[in-house]
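For reference, the chains in residue letters:
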Amino acid sequence: MVRPSQPVLNTVGTLARLGLAAVWLVSGALKLADPGQTLIAVQAYEVLPDALENVVAIALPLVELVLGLLLLAGLATRWAAAAALGLLVVLIAGIAQSWARGLSIDCGCFGGGGHVAAGQTEYPQEILRDTGFALLAVWLVVRPRTWLSLDGWLARGRGNSGEPGHDYSGIAEGN
Amino acid sequence: MAQARGASGDKRKWIIGIGAVVVVAALVIGGVIWTISERDKTEGQIIDPGKTTSALAGNVTQKRDGVVVTVGKAGAKASIDVYADFLCPICGVFEKQYKGQIEQAINDGKLQVRYHMVPLLNQRSSPPGYSLDSANAALAAADAGKFLQFHDALFASQPEEGKRGYDKAQLIELGKNVGITDPAFAQTVNAGTYEQQLNTAFQQIENDPKLAQDFGGGQTGFGTPTVTANGSIVSWQDPNWLTKVTG
C-alpha cells in the first residue's frame, strides 16, 4: 500500500482548514448581522430556558467567528478543530432533536432559521452537511499540520529545522 | 545558534499569542455590545406620529366593539376583516402596500374595515410581550377615537421580530402625539385592560376553520395577515383584490 506523501497530506489538511474556516466565518457573520433572526432561530429549537436562549443567540455567532479566524490563521489548529467538532456535535444534536420531536424548523445554520411549514424542513440535508463539516474537523484534530499556518511558522521559529519537519507532533501542541 | 533561534521563536509565540488574545477579545466585546445595542435600538425612540397619512374624512367613525375596531362610514356597502399583529413583518408589508387604497375606500364611503389585533407573535420580541402591549394600546386608542392614526404609526415604525419592541411608556407617548388627551388612555395601556379579551379572541381565531390557510405540505392553520371579505379569505397578493371587494 502506498502511503500518500506528507506534502499531499498537508495539502488536504490545508484545504480542510480553510474550508472549515470559511464555513464558520460565513455562518458567524450571517448570524451576527441579524441578531433578531438569530434569537428567533435559537428559540425555535425549544430546548433552552429563555435567559439562556438570549445568551446563546449573542454568543454563538461570536464563537463561530473566533473559530473561523483561528482556523483561517492556522493558530492552535488542533484545539480550534476540536472545539469546532464539539460545536458541530451540539448543533447536529439540536437539529436531530427537533426532527425527532416533530418540530418544523429551519436550522438557521447560515442565518435565517425559525419555524417553517411542515413540508419545508430539511433535516437530513442539514445533518448531512454538518456531518461533512465535522469530518473536516476530525481530520484537523488527528492531523493538524497544514501549509500556510501560524502554527507551522511558530514551530519553525522554535528551531524544529527550517523545512516543515517530519515530526509534526510538536506543532499540534502549538497554541 | 539553536539557542538564539529558540529564544526568538518563544518571542514570536508570545507576540502571536497576545495578538490573538487581543483580536479575539476585541471581536467578542465589540460583538456583544453591537448585538445588544442592535437588539435594543428602539429604546428611547419616539415613535413618529407624522408617518400617519390617514387624513380621515370627518364622518368616518372608529368604533371599538370588544377587541375589534370598526373603521368606516355608516352605510358603506363592502366590508373586510383584517387580522394582523403589530410585530408581524408581512403585516407591515401588507400595510405599506395597501394602506393608501384601504383608507381611500374608507373615505369614499365604500368600505368598512374591522381590525382584529392578534397577539400571534407575543413571544417573538425580546423581551416578549410587544404584540399584546401594542394590541391593547391600539384598542385604548380606539376608545379615544384615534385608532387608525395609532395603528398606522406603529406599522410605519415597526420593530423587528426577535428585537425589542416599544414599551408601554413609548406607546403612551405615541398616543399623546397622535392627539389623545384622555388620561384613561395611559391607564388602559399600563393596566393591560384588554389583554385577557385579546388572548381569548386569539384562541377563537386560531381555531376558526374559516380562517385557516393552506401553508403547503399538508399544513393548514391561521397566520397573519389574514384578510376576509364576506366570510372567506381574500388573496391580497392579487394587486386588484380591493377593487374586487368594493366592486
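Residues numbered from 1 in each chain as written. Chains lettered and ligands numbered in written order. Predicted model: local features only at pLDDT ≥ 70, side-chain atom pairs only at ≥ 80, totals over all residues.

## A look at the overall build of chain A
- Counting its secondary structure elements, chain A contains 7 helices and 2 strands.
- For chain A, the succession of helices and strands along the chain, N to C, is α-α-α-α-β-β-α-α-α.
- The buried share of chain A, taken over its 175 residues, is 43%.
- Intrachain contacts of chain A at a sequence separation of at least 6 include 72% that bridge at least 24 residues. (Helix = DSSP H or I, 4+ residues; strand = E, 2+ residues; numbered from the N terminus. Buried ≥ 20, exposed ≤ 12 C-beta atoms within 10 Å, placed from the backbone. Contact = placed C-beta atoms within 7 Å.)

## Concerning helix H5 (residues 123-142) of chain A
All names here are of chain A.
- The end-to-end C-alpha distance of H5 is 28 Å, a good match for the 28 Å that 20 residues give at a rise of 1.5 Å each.
- All of the buried residues in H5 are Glu126, Asp130, Phe133, Leu136, Ala137 and Leu140. The buried residues of H5 occupy an angular sector of 100 degrees when projected down its axis, which confines them to one face. For H5, the exposed residues set more than 90 degrees away from the buried face come down to Pro124, Leu128, Thr131, Gly132 and Val142.
- On its buried face, H5 sits against helix H1 (6-33) and helix H4 (77-100). (Expected span 1.5 Å × (residues − 1). Arc of directions from axis to C-beta.)

## Observations concerning the interface of chain B and chain A
- Contact residues are listed per partner, giving 29 residues for chain B and 22 residues for chain A.
- When contributions to the side of chain B that touches chain A are tallied by element, the ones reaching two or more residues are helix H1 (2-39) and strand E5 (213-216) of chain B.
- Looking at which element gives the most residues to the side of chain B that touches chain A, the answer is H1(B), with 18 residues.
- Across the side of chain B that touches chain A, the residue classes break down as 9 nonpolar, 11 polar and 9 charged. (Nonpolar A, V, L, I, M, F, W, Y, C, P; charged D, E, K, R; others polar.)

## Details of the pairing of strand E7 (residues 226-229) of chain B
Residue and element names in this part refer to chain B.
- Here strand E3 (residues 78-84) pairs with E7 via 4 bridges, running antiparallel. The partner of Tyr83 across the bridge, within E7, is Thr226.
- The sheet contact formed by E7 and strand E8 (residues 232-233) spans 2 bridges and is antiparallel. Bridge pairing in E8 places Ala229 opposite Ser232.
- Where E7 folds back onto E8 in an antiparallel hairpin, the turn is made up of 2 residues, including Asn230, whose phi is positive at roughly 50 degrees. (Pairing = 2+ DSSP bridges.)

## As for H1(A)
- For H1(A), which comprises 28 residues, the first-to-last C-alpha distance of 40 Å matches the rise-based estimate of 40 Å (1.5 Å per residue) to within 8%.
- Taken residue by residue, H1(A) has Asn10(A), Gly13(A), Ala16(A), Arg17(A), Leu20(A), Ala21(A), Val23(A), Trp24(A), Ser27(A), Gly28(A), Lys31(A) and Leu32(A) as its buried positions.

## Description of the packing of helix H3 (residues 130-143) of chain B against helix H6 (residues 184-191) of chain B
All names here are of chain B.
- Running from N to C, H3 and H6 cross one another at 160 degrees; their axes reach a closest spacing of 9 Å. By the criterion of interaxial angle, the relationship of H3 to H6 is roughly antiparallel. Regarding H3 and H6, the two cross each other, and that crossing is right-handed. In contact with Asn136, Ala137, Ala140, Ala141 and Asp143 of H3, H6 contributes Phe185, Thr188 and Val189.
- Its residues assigned to classes, the contact of H3 with H6 shows 5 nonpolar, 2 polar and 1 charged. (Axes fitted to C-alpha atoms, helices over the stretch in contact; angles between N-to-C directions. Parallel < 35°, antiparallel > 145°, perpendicular 65-115°, else oblique. Left-handed = near helix turned anticlockwise from the far one by under 90°.)

## Digging into unusual backbone geometry
- Backbone torsion omega between Ser126(B) and Pro127(B) reads 5 degrees, so that peptide bond is classified as cis.
- The backbone of Glu46(A) shows a phi angle near 50 degrees, a positive value even though the residue is not glycine.
- With respect to the element layout, Glu46(A) can be found in the loop between helix H2 (35-44) and helix H3 (50-73).
- Notably, Ala76(A) is not glycine yet its phi reads approximately 50 degrees, a positive angle.
- Structurally, Ala76(A) can be placed in the loop between H3 and H4.

## As for the sheet that holds strand E2 (residues 68-72) of chain B
Residue and element names in this part refer to chain B.
- With mixed pairing, the 6 strands of this open sheet are ordered in space as E1-E2-E4-E3-E7-E8. Across the chains shown, the open sheet's two edge strands, defined by having one partner strand only, are strand E1 (61-65) and E8.
- In the packing of H3 onto the sheet, contacts are made with E1, E2 and strand E4 (111-117), and the angle to E1 comes to roughly 125 degrees.
- Each of E1, E2 and E4 touches helix H4 (residues 147-156); the most contacted strand, E2, lies at about 105 degrees to it.

## Description of the packing of H1(A) against H3(A)
Residues and elements named next belong to chain A.
- For the pair H1 and H3, interaxial distance at closest approach is 7 Å and the crossing angle is 155 degrees. On the basis of the axis angle, H1 is roughly antiparallel to H3. Taken as a pair, H1 and H3 cross one another with a handedness that is left-handed. Counted together, Arg17, Leu20, Ala21, Trp24, Leu25, Ser27, Gly28, Ala29, Lys31 and Leu32 of H1 and Leu60, Pro61, Glu64, Leu65, Leu67, Gly68, Leu71 and Leu72 of H3 form the full contact between these two elements.
- Along the lines of polarity and charge, the residues of the contact of H1 with H3 split into 12 nonpolar, 3 polar and 3 charged.

## Describing the nonpolar core
- Core analysis: the largest hydrophobic core is formed by 55 residues, its most contacted members being Ala138(B), Leu139(B) and Ala141(B).
- A per-element tally of this core places H3(B) first, with 9 residues.
- Among the nonpolar cores identified, the runner-up in size contains 30 residues, and Val23(A), Leu75(A), Leu88(A) and Leu150(A) belong to it. (Core = buried A, V, L, I, M, F, W, Y, C linked by C-beta atoms within 7 Å.)

## Structural notes on the confidence of the model for chain A
Residue and element names in this part refer to chain A.
- Residues at a pLDDT of 70 or more form 89% of chain A, whose mean pLDDT is 90.
- Mean pLDDT across the elements of chain A ranges from a minimum in helix H7 (residues 169-173), with 43, to a maximum in H5, with 98.
- Segment residues 160-175: pLDDT under 50, and 21 contacts once partners within four positions in sequence are set aside and those in other chains are kept. (pLDDT = per-residue confidence, 0-100.)

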